[in-house]
Amino acid sequence: RVSSDGKPPKFQPPPKPVIIDRKTQKEERRFLSPEFIPPRGRTDPLKYYIERKDMIQRRKVFNIPEFYVGHVLAVTTADPYASDKSKRFVGICIQRGGKGLGATFVLRNVIEDQGVEICYELYSPRIQAIEVLKLEKRLDENLMYLRDALPEYSTFDVNMKPVPRMDHEEIPVNKLQVRMKPKPWSKRWERPKYNIKGIKFELPEHKMKAAQKWSQPWLEFDMLREYDTSKIEEKIRKELNEELEK
Amino acid sequence: MRLSVAAAISHGRVYRRLGLSPRSRLDLLRNLVTALVRHERIETPWARADEMRGYAERLIDYAKRGDKDERAMRMADFWLTEKDLIHKLFKVLAPRFQPHPGSYTRLLQIPNRDGLDRAKMAVIELKGNALPPLVRPRRDSDKTLLNQLLKGYRQDAQRAAAT
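What you are looking at is a predicted structure, and each value in this text was computed from that prediction instead of being measured.

Visitor: Which parts of the structure should I look at to understand the overall build of chain B?
Guide: Counting secondary structure elements, chain B contains 5 helices and 3 strands. In terms of overall size, chain B is more extended than a compact globule, its C-alpha atoms giving a radius of gyration of 23 Å where 163 residues would be expected to give roughly 15 Å. Expressed as lengths along the three principal axes of its C-alpha atoms, the size of chain B is roughly 80 × 50 × 40 Å. Across the 163 residues of chain B, 32% fall into the buried class. Accessible surface for chain B amounts to roughly 11,400 Å². Of this, 54% is attributable to carbon and sulfur atoms. In chain B, 33 side chains carry a positive charge and 19 a negative one; their mean positions are 3 Å apart.

The following block contains the structure:
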């Protein structure tokens, strides 16, 4: 090619390829932590709006990972009486409760044959780190029945290494059916009110049938009890994404 | 330390207690919803009509999803005891209310019942029905002072515009 001055042509580097990371983008959009969704009630939405602003502020400073009930987490909290001034606890998340800033999650583990459950507040400033060690969902939203299950189902190694996550897309569902200690249990888990799918009931047939007496089949058709959160969730998700990108 | 709430306090409870049990309450409301869909205007005690209103409107919202929807069909099957009304719900009522986003019913109070209980009665009807209207909108009479003055003003403005 002939240039204007007779010198060799200036090197034009090839245009950089534009990488659109669709996988991480999708992950941000799909998950909305349940404590953001306001409950049905007569409280002023202003309260939830202010709480959400504070929650977003905290999330900008401290990373709260996406986790569900059934994940194994390690939480480091600040403790003035410990030698390192911090305390680490590993456990399986059995329930996530509360809305707004008071959102909590309960971690359970069996340490030296003693079952221990600790309820942490997600937005407490004493929490220094939350690591997700094992990612798996279970069949139920509430694993309180692990208290009445054999202790092997609640023991997790304190020095467990985090299991590497394969896909950015799906979280595997563990269809484990847990075996229980002999009755009496803390709650009658066989009753349809709890709707538990993750227990292998070894009770006799007549007891299972007797438990069905407490079923309320009309509750499924009671339309006014349904709370449709899809539109609210969309709005809150948009708000969250906007705020976190700033 | 009192561990349970006293039975008489019902703060924040939205559902009225009708009939003999929760199952009976739903059956009562189901019969009323079926009657409303059949006759499009019924006269019942006010409390029952008020409870029923929410369920009727949600049923129409489900019907708007279309009859191919599995859940909508199950809901209609449960709530309408007379099965020919399922066809009426999906083919007549759903298209009628398609442009409206909500509020498909009208609830109006009636003088108390004639029997011994003197119950507070109400009429609940689906909007857009073929029956004669319950409330005739009354126009203001032409003979009031304000209306006469306004009429005069309008006539003056017309005369001024004409010239």
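Visitor: Could you clarify how one ought to interpret the sheet that holds strand β2 (residues 105–110) of chain B in this entry?
Guide: In a beta sheet, neighbouring strands are held together by backbone hydrogen bonds and run either parallel or antiparallel to one another. All names here are of chain B. Strand order in this open sheet of 3 strands is β1-β3-β2, and the pairing throughout is antiparallel. Bordering the open sheet on either side are β1 (41–45) and β2, each of which pairs with just one other strand. Neighbour-to-neighbour, the strand axes of the sheet open up by a mean angle of 25°, direction not taken into account. Pairing of β2 with strand β3 (residues 121–126), which is carried by 6 bridges, proceeds in the antiparallel orientation. Among the inter-strand pairings, Arg 106 is bridged to a residue of β3, identified as Glu 125. Against the sheet, helix α1 (residues 22–39) engages β1, β2 and β3, with an angle of about 150° to β1.

Visitor: What's the story with the nonpolar core in this structure? I'm lost.
Guide: Side chains of a nonpolar character, in soluble globular proteins, are inclined to be buried together. Counting residues in each nonpolar core, the largest one holds 48 residues, and the members touching the most others are A:Phe105, A:Tyr145 and A:Leu146. Looking at this core, the elements with two or more residues in it are α2 (45–61), β1 (72–78), β2 (86–97), β3 (104–111), β5 (127–134) and α4 (230–245) of chain A. Per element, the largest residue contribution to this core is 5 residues, and it comes from β2(A). If we ignore the near neighbours within four places in the chain, the residues touching A:Leu146 are A:Ile92, A:Ile94, A:Arg108, A:Tyr153, A:Ser154 and A:Val178. Counting 38 residues, the second largest nonpolar core, distinct from the first, contains B:Leu18, B:Leu26, B:Ile60 and B:Leu107.

Visitor: Looking at this structure, how should I read the packing of aromatic side chains?
Guide: Aromatic rings considered in pairs are described by the distance between their centres and by the relative angle of their planes. All chains considered together, the criterion is met by 10 aromatic pairs over all chains. Of the aromatic side chains, those joined through ring pairs into one cluster are A:Phe221, B:Tyr55, B:Phe78 and B:Trp79. Taking NZ or CZ as reference, A:Lys137 lies 4.3 Å from the ring centre of A:Tyr68, over its face. The aromatic ring of A:Trp214 is capped on one face by A:Arg191, whose charged end is 3.5 Å from the ring centroid.

Visitor: Teacher, can you tell me more about the interface of chain A and chain B here?
Guide: Often, the extent of an interface is quoted as the loss of accessible area on bringing the components together. The interface of chain A with chain B comprises 10 residues on the first partner and 15 residues on the second. Roughly 1,400 Å² is buried in total at the junction of chain A and chain B, and carbon and sulfur atoms are behind 63% of that figure. Taken together, the connections running from chain A to chain B amount to 2 salt bridges. Its salt-bridge partner being A:Glu226, residue B:Arg71 comes within 3.5 Å of it at the nearest N-O pair.

Visitor: Can you walk me through the pattern of salt bridges in this structure?
Guide: Two side chains carrying opposite charge are able to pair once their charged atoms lie near each other. All names here are of chain A. If you walk through the whole model with that rule in mind, you get 31 salt bridges over all chains. Residue Glu 202 pairs with Arg 179 through a salt bridge whose shortest N-O separation is 3.3 Å. With a gap of 23 residues between them, Glu 202 in the loop between β5 and α3 (205–211) and Arg 179 in the loop between β5 and α3 connect regions that are remote in the sequence. With a relative accessible area of 52%, Glu 202 lands in the exposed category. You can call Arg 179 partly exposed: its relative accessible area is 39%.

Visitor: What is the right way to look at the sheet that holds β2(A) in this model?
Guide: Residues and elements named next belong to chain A. Pairing within the open sheet is antiparallel, and its 5 strands lie in the order β4-β3-β2-β1-β5. What marks the edges here is a single partner per strand, and that holds for β4 (114–121) and β5. Direction aside, the axes of adjacent strands within the sheet are offset by 35° on average. Both β1 and β2 contribute to a ladder of 7 bridges, which runs antiparallel. Bridge pairing in β2 links Ala 74 to Val 90.

Visitor: Where do I start with empty space enclosed by the protein in this structure?
Guide: Rolled over the atoms, a probe as big as a water molecule pinpoints where empty space is left. Summed over the entire model, instances satisfying the criterion amount to 3 cavities of 30 Å³ or more. Its volume calculated, the largest cavity comes out at about 50 Å³. Lining the largest cavity are A:Glu35, A:Phe36, A:Ile37, A:Pro38, A:Tyr48, A:Glu51, A:Arg52, A:Met55, A:Lys99 and A:Gly100. For the lining of the largest cavity, the residue count by class is 5 nonpolar, 1 polar and 4 charged. Volume-wise, the second largest cavity comes out at about 40 Å³. Taken together, B:Val33, B:Leu36, B:Val37, B:Ala56, B:Leu59, B:Ile60, B:Leu89 and B:Leu93 make up the full set of residues lining the second largest cavity. Every element with two or more residues in the lining of the second largest cavity is listed here: α1, α2 (46–64) and α4 (84–96) of chain B.

Visitor: Whenever I open this one, helix α5 (residues 145–162) of chain B confuses me. Can you help?
Guide: Taking 1.5 Å per residue as the helical rise, α5(B) with its 18 residues ought to reach 26 Å, and the 26 Å between its terminal C-alpha atoms agrees with that figure. With 1 of 18 residues buried, α5(B) lies mostly on the surface of the structure.

About the cut-offs
- Residues numbered from 1 in each chain as written.
- Chains lettered and ligands numbered in written order.
- Predicted model: local features only at pLDDT ≥ 70, side-chain atom pairs only at ≥ 80, totals over all residues.
- Heavy atoms only, no water.
- Helix = DSSP H or I, 4+ residues; strand = E, 2+ residues; numbered from the N terminus.
- Rg over C-alpha atoms; globule rule 2.2 N^0.38 Å.
- Buried < 20%, exposed > 50% of the residue type's maximum accessible area, 1.4 Å probe, protein only.
- Areas by Shrake-Rupley, 256 points an atom, 1.4 Å probe, with all protein chains shown as cover.
- Lys, Arg positive; Asp, Glu negative; His and termini not counted.
- Charge placed at Lys NZ, Arg CZ, Asp CG, Glu CD.
- Pairing = 2+ DSSP bridges.
- Axes fitted to C-alpha atoms, helices over the stretch in contact; angles between N-to-C directions.
- Contact = heavy atoms within 4.5 Å.
- Core = buried A, V, L, I, M, F, W, Y, C linked by side-chain atoms within 4.5 Å.
- Phe/Tyr/Trp six-rings, centres within 6.5 Å; stacked < 30°, edge-to-face > 60°.
- Lys NZ or Arg CZ within 6 Å of the ring centre and 35° of its normal.
- Buried area = accessible area lost by both parts, 1.4 Å probe.
- Salt bridge = Lys/Arg side-chain N within 4 Å of Asp/Glu carboxyl O.
- 1 Å grid on protein atoms, 1.4 Å probe; cavity = no way out; pocket = protein on both sides within 12 Å on 5 of 7 lines; lining within 4 Å.
- Points joined across faces, edges and corners; volume = space filled by probe spheres on them.
- Nonpolar A, V, L, I, M, F, W, Y, C, P; charged D, E, K, R; others polar.
- Expected span 1.5 Å × (residues − 1).

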